[in-house]
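Inside the fold
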Amino acid sequence: MRAMDFQFSDEQLMLRQSVRHFVDREIIPKIAEWDAKGGFDQAIWKQLAQLGLLGICIPEKYGGSGMDYNSLAIACEELERGDTAFRTAVSVHTGLNSMTLLQWGNEAQKEKYLKPQAKGDKIGAFGLTEPGAGSDVASMSSNAVLEGDYYKLNGQKTWISLCDVADHFIVFAYTDRSKSHKGISAFIVERTMGGFSSKAIKGKYGIRSGNTGELFFEDVLIPKENLLGEEGEGFKIAMSALDNGRFTVAAGAVGLIDACLEASVKYCQQRETFGKKIGDHQLVKQMIAKMEAGYQMSRLLVYRVGDMKNRGERNTRETSLAKWQACDFANQAADDAVQIHGAYGYSDEYPVARFLRNSKAPVIYEGTREIHTLMQADYVLGNRVDRKLSHILPPWK
Ligand SMILES: CCCCCCCC(=O)SCCNC(=O)CCNC(=O)[C@H](O)C(C)(C)COP(=O)(O)OP(=O)(O)OC[C@H]1O[C@@H](n2cnc3c(N)ncnc32)[C@H](O)[C@@H]1OP(=O)(O)O
């Protein structure tokens, strides 16, 4: 077995430093206000673009910064240290949309959609989940019928990040229901196409500064050239997109654990009970130690997946494990961070209540904890085997 290299390059160290600096300066001071009002300042997109974060794993010839998968993980870690909503936005724009266009789009689609969004001039998103089809992707109701040079799309999507912000969406719909999951196709749908509308969901438990909501398609006419891949390849396209999306979610969870540790250590050093700093109490130490263990283990899982991706290896199994474990560790770390802060942790005075609310979404989205548990059991039991899929994993440069 080839030894794994856990050294970050100088370029990656600089990336981490610049994203961390950006988060400390531009996100952390404003996040409580954005979280309370339910939206962040859209000018932040320009800043993310200037940092190269909107095209991080996209080759330079398509307007991206041509960095590798572990650089994407570094960016996601650092963004989620600020707030889960920012990492979610980058995950969707980059992991679910841009990288899917890179892997499955033809040259004309890359030129028209990938290039401007890698530069940050346009925003891309992803429409898979429906009111009646979450984990069970193949039970979706959306339908697209070819009529001349256009597909006529009807249906509804829900829990779509960037629903009111994105310029275009990769949307999945049946083109042939008789073929089960092999009858699903993927389309690039522009916001400006007639019959398209979106509506944000109000009253979310967490990631409140992010824009999440519903998409509606009423006889939307999609030009034939906006079919992504071939007819019937939609399910595979969605699953391969999720391999990238879940990787960014796992990396973000590492950043959330880091934020929980940072806040908890600070509080342990200032708060005293029973005549000593709370960090000197054994049960508090236990929570800190668990957070550290979760942080280190999740990081190893994430960077191992990044390494596999960089080498073009199929990584569905390892990505699912990293996503499942890192998100569970982050959820537990956030719960413990609130516990360490006691009653103060239950208010907005400290960031940990927001961390706890935010930590729940990644345990649900991009494959619930239960879906990943079942996938892992099935891999071990031999019920699920990943075939080599070389055509969908091109090098990033
Ligand atoms: C605030 C809160 C916001 C909430 C946001 C919510 C929005 C989202 O989370 S978006 C995404 C959420 N959805 C998911 O994650 C979906 C979860 N479900 C799944 O992952 C799958 O449906 C799962 C695993 C349960 C079932 O898969 P299963 O039916 O076993 O399919 P499986 O047999 O593995 O694959 C079917 C085909 O796809 C192919 N395929 C599977 N995985 C991949 C992959 N990673 N890459 C390429 N092809 C793949 C297989 O090779 C197979 O091909 P063929 O039919 O030719 O043999």
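What you are looking at is a predicted structure, and each value in this text was computed from that prediction instead of being measured. (Residues numbered from 1 in each chain as written. Predicted model: local features only at pLDDT ≥ 70, side-chain atom pairs only at ≥ 80, totals over all residues. Heavy atoms only, no water.)

Attention now goes to the overall build of the chain. Scanning the chain for helices and strands turns up 11 helices and 10 strands. Against the globule reference of 21 Å for 397 residues, the chain gives a C-alpha radius of gyration of 21 Å, in line with a compact fold. C-alpha atoms of the chain, sized along the principal axes, occupy 80 × 50 × 40 Å. Relative to its full complement of 397 residues, the chain shows a buried share of 55%. Accessible surface, the chain: about 17,400 Å² in total, of which carbon and sulfur atoms supply 53%. Counting 49 positive and 50 negative side-chain charges, the chain places the centres of these two groups 2 Å from one another. (Helix = DSSP H or I, 4+ residues; strand = E, 2+ residues; numbered from the N terminus. Rg over C-alpha atoms; globule rule 2.2 N^0.38 Å. Buried < 20%, exposed > 50% of the residue type's maximum accessible area, 1.4 Å probe, protein only. Areas by Shrake-Rupley, 256 points an atom, 1.4 Å probe, with all protein chains shown as cover. Lys, Arg positive; Asp, Glu negative; His and termini not counted. Charge placed at Lys NZ, Arg CZ, Asp CG, Glu CD.)

Among the structural elements, Asn331 can be located in helix α9 (residues 316–341). Side chain to side chain, Asn331 and Ser359 meet in a polar contact 2.9 Å long. Non-local contacts of Asn331, meaning those with residues more than four positions away in its chain, are made with Leu356, Ser359, Lys360, Val363 and Arg369. (Polar contact = N/O pair within 3.5 Å; in protein donor to acceptor, adjacent residues only side chain to side chain. Contact = heavy atoms within 4.5 Å.)

Another aspect to go through is the UniProt feature "domain: Acyl-CoA oxidase/dehydrogenase middle" (unreviewed entry) in the chain. When the UniProt feature table is mapped onto this chain numbering, "domain: Acyl-CoA oxidase/dehydrogenase middle" (unreviewed entry) sits at residues 125–220. Taken end to end, residues 125–220 has its terminal C-alpha atoms 17 Å apart, with 0% of it in helix and 50% in strand. (UniProt positions renumbered as here; feature names shortened; annotations may be inferred.)

Counted according to the given criterion, the structure contains 26 salt bridges. Linking Arg16 and Glu78 is a salt bridge whose minimum nitrogen-to-oxygen distance equals 2.7 Å. With Arg16 in helix α1 (residues 10–27) and Glu78 in helix α4 (residues 69–82), the pair connects residues that are 62 residues apart, well separated along the chain. Here Arg16 matches Glu78 in class, with each residue buried. (Salt bridge = Lys/Arg side-chain N within 4 Å of Asp/Glu carboxyl O.)

Here the focus is helix α8 (residues 282–310). With 29 residues, α8 should reach 42 Å at 1.5 Å per residue; the first-to-last C-alpha distance of 42 Å fits that figure. Gly312 occupies a position one or two residues after α8 and carries a positive phi of about 75 degrees. (Expected span 1.5 Å × (residues − 1).)

What follows deals with the domain arrangement of the chain. In terms of domains, the chain is made up of domain 1 (10–123), domain 2 (125–234) and domain 3 (241–392). A straight line from the C-alpha centre of domain 2 to that of domain 3 covers 29 Å. Each partner contributes residues to the interface: domain 2 has seven residues there, and domain 3 has nine residues. Considering only the side of domain 2, the residues that lose the most area to domain 3 are Ser135, Tyr205 and Ile207, jointly responsible for 64% of the buried surface there. Joining domain 2 to domain 3, the criterion identifies zero salt bridges. For the interface between domain 2 and domain 3, the tally reads two residue pairs in polar contact (both at pLDDT 80 or more). For the side of domain 2 that touches domain 3, the residue count by class is four nonpolar, two polar and one charged. (Domains from an automatic or database assignment. Buried area = accessible area lost by both parts, 1.4 Å probe. Nonpolar A, V, L, I, M, F, W, Y, C, P; charged D, E, K, R; others polar.)

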